[in-house]
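# Results of the structural survey
Residues per chain, in single letters:
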Amino acid sequence: MSGQGNKGTAVVTGASSGIGAVYADRLAGQGYDLVLVARRADRLEELAGKLRQTYSRKVSVISADLSNDGDVRRVEQAIASDDSVTLLVNNAGLGGQSVVAIADADAAERMIKVNVIALTRLTRAVLPGFLARNRGAVVNIASVLAYETSFGGIYSGTKAYVVNFTEALHREVEGTEVKVQVVLPGATRTDFWELAGSDIDQLPKEIIMSADDMVDAALVGLARSEAVTVPALAEPAKLDIFLGARQAFYGSLHADKPAARYAA
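Numbering of residues begins from 1 in every chain and follows the order in which that chain's sequence is written. Local features are withheld for residues below a pLDDT of 70 in this predicted model, meaning they are given only at 70 or higher, and side-chain atom pairs are given and counted only at 80 or more; totals for whole chains, interfaces and linings count all residues. The side-chain figures draw on all heavy atoms in the structure; neither hydrogens nor water molecules are used.

### Some remarks on the sheet that holds strand β6 (residues 178-183)
- We treat two strands as partners when DSSP finds at least two bridges between them. Numbering of helices and strands runs from the N terminus; a helix is a DSSP stretch of H or I covering at least four residues, while a strand is a stretch of E covering at least two. A sheet is described by the order of its strands in space; here 7 strands give the open sequence β3-β2-β1-β4-β5-β6-β9, paired in parallel fashion. Each edge of the sheet is formed by a strand with only one pairing partner; in this case those strands are β3 (59-63) and β9 (228-229).
- Looking at chain direction, strand β4 (residues 85-90) and strand β5 (residues 136-141) are connected through 4 bridges and run parallel. Of the residues in β5, the one forming a bridge with valine 89 is valine 139.
- In what follows, a contact means two residues having at least one pair of non-hydrogen atoms within 4.5 Å. In this description, a line fitted to the C-alpha atoms serves as the axis of each element, helices being fitted only across the stretch in contact, and the angle between N-to-C directions of two axes falls anywhere from 0 to 180 degrees. On top of the sheet, helix α2 (residues 41-55) reaches β2 (33-38) and β3; it is set at about 175° to β3, its chief contact.
- The strands touched by helix α3 (residues 69-80) are β1 (9-13), β2, β3 and β4; relative to β3, the strand with the most contacts, the crossing angle is about 155°.

### Re the packing of aromatic side chains
- Each pair of aromatic rings taken from Phe, Tyr and Trp, with Trp reduced to its six-membered ring, is defined by centres within 6.5 Å and is described as stacked if the planes are under 30 degrees apart, edge-to-face if over 60, and tilted in the remaining cases. Following the criterion strictly, the structure yields 2 aromatic pairs and no others.
- Geometrically, the ring pair formed by tyrosine 161 and phenylalanine 165 is stacked, given 5.6 Å between the ring centres and 15° between the ring planes. With tyrosine 161 and phenylalanine 165 both in helix α5 (residues 153-172) and 4 residues apart, this pair spans about one turn of that helix.

### Details of the packing of helix α1 (residues 18-30) against α2
- It is the contact of α1 with α2, at a shortest axis distance of 10 Å, that shows an interaxial angle of 20°. In terms of orientation, α1 and α2 fall into the roughly parallel class. Classified by chirality, the crossing of α2 by α1 is right-handed. Along its contact with α1, which presents Ala21, Ala24, Asp25, Ala28 and Gly29, the element α2 presents Leu47, Leu51 and Tyr55.
- Side-chain classes follow a simple rule in which Ala, Val, Leu, Ile, Met, Phe, Trp, Tyr, Cys and Pro form the nonpolar group, Asp, Glu, Lys and Arg form the charged group, and the remainder, Gly included, forms the polar group. A per-class count over the contact of α1 with α2 returns 6 nonpolar, 1 polar and 1 charged. Roughly parallel means an angle under 35 degrees; roughly antiparallel means over 145; roughly perpendicular covers 65 to 115; every other angle is labelled oblique. Crossings are classed by handedness, with left-handed meaning an anticlockwise turn of the near helix from the far one by less than a right angle and right-handed meaning a clockwise turn.

Bear in mind that shape data such as this cannot, by itself, settle questions of function.
Below is the structure:
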């Protein structure tokens, strides 16, 4: 089955399974060629073969560990020099529920490198080309836990960065044809949970979304040029209220003297 005409090349990180693999399938079906990035080369090649056969699209793979500085730079160079790239999906991420006092410091560093540093560097790699061609989109996968710290401050902190980074990026590209979207999934059934040392089946089944449903909703949001997409949010007015209250709160944080309650 062929796609709907060539839309350029989509780069998907964390593409070997879960959300990333669904994005790869859907984007190939929409007419994108693909560059798939993940650590597990065997699974990448297996997925690439299926997508080539199903959609007759060009699919290349880059086996890379995005917690490794050299690998990140290798991916950067590949996608920055490819003028066909029109979409970057920063999906790769590491999770973990450990509180700071007992967290493995090296594991925490790897999480920050993948969730924050790699995402930032890869966005920086493609953005100048997108702006020069006045075409392209960056999709950053965050999490609803950007607004909730019960899963651990390290993971939540990285996802809060993704939200703030992407919101600022959206303002940066305003007035151009470049799209920027941050997606905030809730609990999504993938192997992410097992790799993070958690059991998703401990959660109520009515709050667990399939990866297929999550990605399909996110792609609808992208087509509608949403800056923030929360697939589980039934009442979008709640997001507007939240963002408005946050902006009003920010406006109250400035004064030429400390508040009276801090007087000695």
